[in-house]
Amino acid sequence: MIGKTLCSLCLCLFLFACGGDSSNSGATTATTSTQVPEYPPIPVEKLEYLFDNATYMDATFYQVPISINQNTLDQIRSSLVLVGAEAPKINPACKPIGHLWYQVNGVNVEEADIYLGDQCTYYVWYENGQPAYANGLTAEGLEFYYNIMRSVQEQAGGGGQ
């Protein structure tokens with residue numbers, strides 16, 4: 001009788017141990033972590049605040065030797081027109097081409113990565129150092145950033161002649 005009970009207990013422990021295999025839960029975690037992130041658009045109130053109060057905008061680009069600095073409200077407002085209203089579909093294969101910051105009286109209040117490329121035309125906005133929102137680029141935004149990249153390529157190509 002004790003032998004049967006001990007055998008049953010061992011079988012239950014074996015089945016329980018197999019069900020709690022940590023490598024299986026790791027595979028589940030890996031699958032979920034490779035899912036495409038989805039972010040809502042940045043709240044309109046945040047953009048309205050920038051539109052009314054921003055005193056400086058700075059954008060740096062990673063692969064080209066340029067940056068954009070704007071320090072008048074009209075210039076800053078023209079850069080906010082580049083932000084689309086809709087949340088884009090995020091392409092995890094895309095890499096940001098640059099980063100921008102909006103300031104109010106010397107304090108960073110909003111920042112975003114800039115994505116530009118095939119199926120990658122959007123901003124990913126940060127909150128507390130983490131991606132939180134995403135907005136597509138408007139048609140003006142696409143034209144603006146493509147013109148910058150085209151101009152840099154022309155200058156680089158023209159300098160070597």
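Residues numbered from 1 in each chain as written. Predicted model: local features only at pLDDT ≥ 70, side-chain atom pairs only at ≥ 80, totals over all residues. Heavy atoms only, no water.

Draft legend 1. Inspection of the pattern of salt bridges at higher detail. What the rule picks out here adds up to three salt bridges. For Glu 127, the salt bridge is made with Lys 46, and the minimal N-O distance between the two is 3.2 Å. Of this pair, Glu 127 sits in strand S5 (residues 122–127) while Lys 46 sits in helix H3 (residues 44–53), placing them 81 residues apart in sequence. By relative accessible area, which is 32% here, Glu 127 ends up partly exposed. A relative accessible area of 24% means that Lys 46 is categorised as partly exposed. Between Arg 77 and Asp 52 there is a salt bridge; the shortest N-O distance is 4.0 Å. Of this pair, Arg 77 sits in helix H4 (residues 73–80) while Asp 52 sits in helix H3, placing them 25 residues apart in sequence. (Salt bridge = Lys/Arg side-chain N within 4 Å of Asp/Glu carboxyl O. Helix = DSSP H or I, 4+ residues; strand = E, 2+ residues; numbered from the N terminus. Buried < 20%, exposed > 50% of the residue type's maximum accessible area, 1.4 Å probe, protein only.)

Draft legend 2. Geometry of the packing of aromatic side chains. Counting across every chain of the model gives six aromatic pairs. Residues Tyr 102 and Trp 125 carry aromatic rings whose centres are separated by 6.3 Å and whose planes lie at 25 degrees to one another, so their mutual orientation is stacked. Of the two residues, Tyr 102 sits in strand S3 (residues 98–104) while Trp 125 sits in strand S5, which places them 23 residues apart along the sequence. Note on Tyr 102: relative accessible area 1%, which makes it buried. Ring centres 5.7 Å apart and planes at 45 degrees place the aromatic pair Tyr 123 and Trp 125 in the tilted group. Relative accessible area serves as the criterion here: at 0%, Trp 125 is assigned to the buried category. Here a set of aromatic residues connected by ring pairs shows up, and it is made of Phe 61, Tyr 102, Tyr 123, Trp 125, Phe 144 and Tyr 145. Lying across the ring of Phe 51, Arg 77 places its NZ or CZ 4.4 Å from the centre. (Phe/Tyr/Trp six-rings, centres within 6.5 Å; stacked < 30°, edge-to-face > 60°. Lys NZ or Arg CZ within 6 Å of the ring centre and 35° of its normal.)

Draft legend 3. Summary view of the state of the cysteines. Evaluation of the coordinates by the stated rule reveals one disulfide. Across the disulfide from Cys 94 sits Cys 120; the S-S distance is 1.4 Å. Between Cys 94 and Cys 120, the S-S torsion sits near -45 degrees, and that sign places the bridge as left-handed. One end of the pair, Cys 94, is in the loop between H4 and S3; the other, Cys 120, is in the loop between strand S4 (107–115) and S5, and 26 residues separate them in sequence. Accessibility assignment for this pair places Cys 94 and Cys 120 in one class, buried. (Disulfide = S-S within 2.5 Å.)

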